[in-house]
Amino acid sequence: MMGAQQVLQWVILLPAMAIPLLLLLRHYPNLREGVSLLASITLFALVTILYRDFTVGGSAEVVWIAIMPGLDISFRVDALGVLFALVASFLWIITTLYAIGYMRAHAEDNQTRFYVFFAVSIASVMAIAFSANLFTLFVFYEVLTLATYPLVTHAGTAKARAGGRTYLTLLVGTSVVFFLPAIIATYAISGSLTFTHGGVFAADTSPVLLGALLLLFIFGIGKAAIMPFHRWLPAAMVAPTPVSSLLHAVAVVKAGVFSVIKVGALIFGLDTLAGLWSTDLLLYLAAFTVIVASLVAMRQDNLKARLAYSTVSQLSYMTAGVLLATSTGLLGSSMHIAMHAFGKITLFFCAGAILVAAHKSDISQMRGLGRQMPFTMAAFFIGSLSIIGLPPTGGTWSKWYLITGSLEADQWALVVVLMLSSLLNIAYLLPIPLRAFFPGDVRPLEGAVGIREAPLPSLIAIGITSLMCVLLFLFPQRLYDLARAVGG
Amino acid sequence: MVHLPVLQVVIPLMAAPALLLLNRPWQSWLLTCVVTITAFAISGSLLGTVYSSGTISYELGGWEPPWGIEYRIDLLSAYVLLIVSGVAALVAVASRQGLDADVASDKQPTLYVLFCLCLAGLLGIVATGDLFNVFVFLEISSLSTYALIAMGPHRRALWASYQYLVVGTIGATFLLIGIGFIYSLTGTLNMQDIAARLPLVDAAHTVHTAFAFIVVGVCLKLALFPLHFWLPNAYTYAPSMVTVFLAATATKVAVYLLIRLHYSIFGPNFALDVLPLNTLFLVLGLAGVFAASLVAVQQPNVKRLFAYSSIAQIGYMIVGLGLGTVIGLQATLLHLFNHALMKGALFMAIAGVVYRVGGSDLAHFAGLGRLMPWTMAAILIGGLSLIGVPLTVGFISKWYLVLGALEAGLWPIAGLVLIASVLALFYVWRIVEVAYFEAPTSLTEGAREAPLGMLLATWVLVGANIFFGIDTELTRQTSELAAQHLMGVQP
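Residues numbered from 1 in each chain as written. Chains lettered and ligands numbered in written order. Predicted model: local features only at pLDDT ≥ 70, side-chain atom pairs only at ≥ 80, totals over all residues.

Broken down by element type, chain A carries 19 helices and two strands. Whereas a compact globule of 488 residues would reach a radius of gyration of roughly 23 Å, chain A reaches 21 Å, a difference of no more than 12%. For chain A, the spread of C-alpha atoms along the three principal axes comes to 70 × 55 × 45 Å. Taken over 488 residues, chain A has a buried fraction of 61%. (Helix = DSSP H or I, 4+ residues; strand = E, 2+ residues; numbered from the N terminus. Rg over C-alpha atoms; globule rule 2.2 N^0.38 Å. Buried ≥ 20, exposed ≤ 12 C-beta atoms within 10 Å, placed from the backbone.)

On a plain count of helices and strands, chain B comes out with 19 helices and two strands. Since a compact globule built from 491 residues should have a radius of gyration of about 23 Å, the 21 Å found for chain B is in line with a globular shape. Principal-axis analysis of the C-alpha atoms places the extent of chain B at approximately 70 × 55 × 40 Å. By the burial criterion, 62% of the 491 residues in chain B qualify as buried. Considering only contacts in chain B between residues 6 or more positions apart, those separated by 24 or more positions represent 79%. (Contact = placed C-beta atoms within 7 Å.)

Before going further, it helps to examine helix 9 (residues 230–237) of chain B. An α-helical turn contains 3.6 residues, so a residue and the one three or four places further along point in the same direction. Residues and elements named next belong to chain B. Burial analysis of helix 9 places eight of its eight residues in the buried class, the great majority of the element. Turning to helix 9, its buried residues number three or more, namely Trp230, Leu231, Pro232, Asn233, Ala234, Tyr235, Thr236 and Tyr237. The secondary structure elements touched by the buried residues of helix 9 are helix 5 (131–150), helix 6 (156–186), helix 10 (240–266) and helix 12 (302–323).

The interface is formed by 21 residues belonging to chain B together with 19 residues belonging to chain A. Among the elements that take part in the side of chain B that touches chain A, helix 17 (residues 411–437) of chain B stands out by supplying ten residues, more than any other. Split into classes, the residues belonging to the side of chain B that touches chain A amount to 15 nonpolar, three polar and three charged. (Nonpolar A, V, L, I, M, F, W, Y, C, P; charged D, E, K, R; others polar.)

For the rest of this paragraph, the subject is the pairing of strand 1 (residues 61–68) of chain A. Residue and element names in this part refer to chain A. Sheet analysis places strand 1 next to strand 2 (residues 71–76), joined by six bridges and oriented antiparallel. Bridge pairing links isoleucine 65 to isoleucine 73 in strand 2. Once strand 1 ends, the chain turns through two residues before running back antiparallel as strand 2, passing glycine 70 with a positive phi of about 80°. (Pairing = 2+ DSSP bridges.)

A word on the nonpolar core. Judged by nonpolar contacts, the single largest core of 404 residues is most densely connected at Val11, Leu83, Val87 and Ala88 of chain A together with Cys116 and Ile149 of chain B. In terms of residues, this core owes the most to one element, helix 13 (residues 326–357) of chain B, which gives 22 residues. Not counting residues within four places of it along the chain, the set of residues in contact with valine 87 of chain A comprises Val250, Ile337, Ala338 and Ala341 of chain A. (Core = buried A, V, L, I, M, F, W, Y, C linked by C-beta atoms within 7 Å.)

What follows covers the packing of helix 6 of chain B against helix 9 of chain B. Residues and elements named next belong to chain B. The interhelical angle for the contact between helix 6 and helix 9, taken along N-to-C directions, is 140°, at an axis separation of 9 Å. Classed by the angle they form, the pair helix 6 and helix 9 counts as oblique. By crossing handedness, the relation of helix 6 to helix 9 is classed as left-handed. Contacts between helix 6 and helix 9 involve Arg156, Ala157, Ala160, Gln163, Tyr164 and Val167 from the former and Trp230, Asn233, Ala234 and Tyr237 from the latter. Partitioned by chemical class, the residues of the contact of helix 6 with helix 9 number seven nonpolar, two polar and one charged. (Axes fitted to C-alpha atoms, helices over the stretch in contact; angles between N-to-C directions. Parallel < 35°, antiparallel > 145°, perpendicular 65-115°, else oblique. Left-handed = near helix turned anticlockwise from the far one by under 90°.)

The next subject is the packing of helix 3 (residues 79–105) of chain A against helix 9 (residues 241–268) of chain A. Residue and element names in this part refer to chain A. Remark: helix 3 packs on helix 9, axes separated minimally by 9 Å, with the N-to-C direction vectors making an angle of 170°. One finds that helix 3 runs roughly antiparallel with respect to helix 9. Taking contact as the criterion, the partners of Leu80, Phe84, Val87, Ala88, Leu91, Trp92, Thr95, Tyr98, Ala99 and Tyr102 in helix 3 are, on helix 9, Thr241, Pro242, Ser245, Leu246, Val250, Ala251, Lys254, Phe258, Ile261 and Lys262. Residue composition of the contact of helix 3 with helix 9, by class: 15 nonpolar, three polar and two charged.

So, about the confidence of the model for chain B. On average, residues of chain B score 89 in pLDDT, and 99% of them reach the 70 mark or higher. Here the predicted complex carries an ipTM of 0.85, next to a pTM of 0.89. (pLDDT = per-residue confidence, 0-100.)

Okay, the environment of valine 486 of chain A next. Residues and elements named next belong to chain A. Examined against the element boundaries, valine 486 turns out to sit in the segment after helix 19 (477–484). Residue valine 486 is classed as buried on the basis of its 23 C-beta neighbours within 10 Å. Not counting the four nearest positions on each side in its chain, valine 486 is found in contact with Ala79, Leu80, Ile261, Ala265, Leu330 and Ser334.

What follows is the structure in structure tokens.
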């Protein structure tokens with residue numbers, strides 16, 4: 001039995017170590033995918049060990065190297081990290097399964113490159129999840145941006161290049177122009193970047209300055225996609241669906257929200273956060289993003305684009321939850337990381353399945369599709385419920401706590417916004433499966449051709465994630481405990 | 001061992017006539033390699049000595065300073081010597097094949113002669129503690145550089161060389177005028193001695209004039225915006241290997257010279273009451289960063305693109321100086337080292353492309369991501385380092401520069417420095433997109449990976465970009481101590 005420390009190291013190294021194997025086996029697709037699958041399963045097992053260790057009170061810590069004095073690459077296990085790592089590593093298994101079906105059915109080129117950069121991305125996600133200080137987080141935040149770039153531009157077309165350009169410019173731009181100076185200023189003011197309960201700033205630090213820092217942080221963490229720096233997310237939708245589903249519904253965007261939570265709770269501290277002049281301002285900006293992104297989503301006919309804008313909106317739920325600066329809000333945000341992940345990945349999987357099996361990407365053409373793809377469409381329905389926040393799906397709980405948190409903080413406006421957003425979610429998500437099953441007078445274009453679903457591995461993946469949406473409603477206790485522990 | 005400070009300069013200097021007599025491509029190359037590697041070993045040993053037993057003072061010919069010439073190696077000089085000789089050794093190793101693309105084999109022996117002369121000049125500027133000696137070595141390195149640039153494959157190399165000759169001569173003359181003034185006031189040429197006597201001189205106007213002449217003269221050599229116009233042509237039309245060498249060393253030595261003259265002779269606080277030098281440096285540095293980066297974004301030729309990028313990066317170094325603090329100076333010294341690594345790697349990789357494809361226009365890079373994967377990966381990593389991505393040296397430089405700006409309370413400067421790195425992203429990504437997304441054209445079709453010697457030199461530099469981005473012990477400690485020493489702050 002390895003000690004928790006070694007496990008922590010392996011969690012970060014393992015996905016990276018799969019890379020030479022993937023390259024070596026590039027001419028043997030079955031073995032190559034086998035390695036991917038095996039790596040993802042092992043990774044999940046390792047993260048589970050860390051989770052077990054954490055629940056009995058362990059907090060493993062590893063220091064790799066001090067790059068500059070006081071600035072080291074080091075990792076530590078904590079509640080939010082475990083939560084994020086569990087979600088990401090579990091969904092990596094499912095996505096790999098899904099990708100095997102999807103990439104082959106779609107006959108994509110450069111599949112080895114795809115799996116390699118996927119592994120790099122997961123390695124950096126793990127490093128982000130367990131980073132012990134802001135410096136480590138920033139380093140791997142940037143690595144994640146660069147590692148996902150080849151995945152976004154996978155198709156290599158002019159459209160993919162343009163999308164990649166927007167992706168890189170916005171993510172690198174915000175992180176360099178806002179995030180980095182915020183980190184350096186934090187270092188210059190407080191002398192520490194280590195995540196600390198209650199924050200790192202001394203009590204007498206100028207609140208005007210801290211308020212400005214918060215602005216820099218929230219805008220700098222471009223991966224959380226707060227408006228007006230959200231454009232990269234729709235642009236990233238040119239990527240193959242497995243990338244959109246794991247990375248741009250779970251890993252990358254959650255890394256953004258994760259950073260926001262870490263900065264809010266462990267760099268500023270909720271108490272400090274509550275007293276800053278810019279907190280409410282940013283809260284309203286997040287609320288604005290929630291509503292406007294939903295409205296934009298309604299106007300998208302391309303399914304993936306609609307889902308992308310829905311993600312932009314949902315990410316701001318989580319950012320808003322942190323900015324409430326109450327422990328309940330934080331709880332809601334942390335839980336929503338998991339709930340939104342399972343819901344949104346299900347929807348993306350379905351979108352990919354529809355593309356592969358029925359070659360449709362526009363919503364207007366999906367009328368009556370329930371006849372050919374009943375299973376996919378049923379899963380889409382469950383995923384939608386979770387995003388909206390209706391029982392019997394997990395999304396109910398996180399929304400519950402977000403609303404309770406808003407009430408506690410006397411932010412009535414946010415309560416209204418969250419309610420309104422649920423209505424908008426219903427309006428842009430539910431019609432898709434409903435019209436698929438009940439097309440009304442319009443006859444499906446090709447007539448009845450019987451059931452024609454996506455390849456089996458992809459279907460299994462869809463089944464698991466939609467099942468998880470329901471299970472998280474029935475058994476939310478473990479997730480609740482983890483999320484409760486985030487604020488310390 | 002006591003003679004190492006002078007051997008550092010004399011070995012390459014003496015190698016030049018020997019190479020002239022030898023006059024055979026292959027043997028000349030071998031001798032150049034031996035000479036440069038020896039120089040590198042000497043500079044490494046010098047740095048070790050300075051670390052363990054402090055500044056080395058060497059009396060040339062046994063004549064005691066201030067009558068005789070003194071070679072003075074402190075931490076700063078040892079650090080710069082290491083960069084210059086290290087890059088020289090890599091360039092020498094890669095030149096065996098690297099020169100073939102641009103220089104006919106019967107001219108190559110001459111090139112090695114000039115190369116060793118230039119190296120001796122650059123090392124001499126750094127090693128000497130005598131002001132007139134600086135001028136002599138500056139002329140040695142400059143004259144050989146003009147000739148080196150003129151050996152470029154296009155006729156336009158002659159024009160570039162001539163342009164640089166005119167500007168360089170003006171710069172050297174200014175420097176000489178400044179030195180003359182100082183000599184007339186203090187009666188000595190030894191830097192230590194001048195530093196001690198200058199505060200006692202009461203002819204303030206003459207000292208200020210001398211200072212102005214010296215600063216402008218050196219700034220011409222280091223291509224500070226707006227005195228930079230000679231540089232793009234020189235870098236673009238010189239033989240590729242010469243570009244690698246010049247980009248990684250010549251401007252660095254000029255920056256060294258500025259720091260040395262400013263801090264060691266005049267002192268960090270000289271003339272601040274009559275001359276807003278720090279503000280001037282901040283403004284010109286930032287103007288250079290932005291102007292050159294914006295021009296770089298539009299360049300159709302990759303060598304020229306990175307030449308403009310060099311002007312921008314020099315701007316960063318000058319901004320660090322302009323901050324006027326220990327951390328600012330440290331940022332400059334770090335970037336001096338780090339930028340040599342980045343541009344060395346980039347221009348070396350480009351030399352590989354020129355060797356295989358025969359040009360360095362953007363069109364010559366189409367589809368090279370597949371055809372020359374190692375070379376293009378080197379350009380990518382060098383480019384990321386230029387942008388300042390974490391785990392590369394560029395990040396370390398940027399960190400200290402921004403930290404210095406914030407610490408000095410100049411947060412707009414910090415913001416501008418970071419915005420400029422986004423511009424670097426734009427110009428680097430133009431190459432990345434062409435290399436990785438475009439199909440090979442008739443220009444690039446059939447290109448193979450660069451020859452092993454060049455690839456090896458490239459990847460040593462790329463490796464250094466990553467290594468010194470993670471293990472910063474050597475660069476950080478040296479630059480910190482040197483900066484404290486120069487600013488007169490006790491650690």
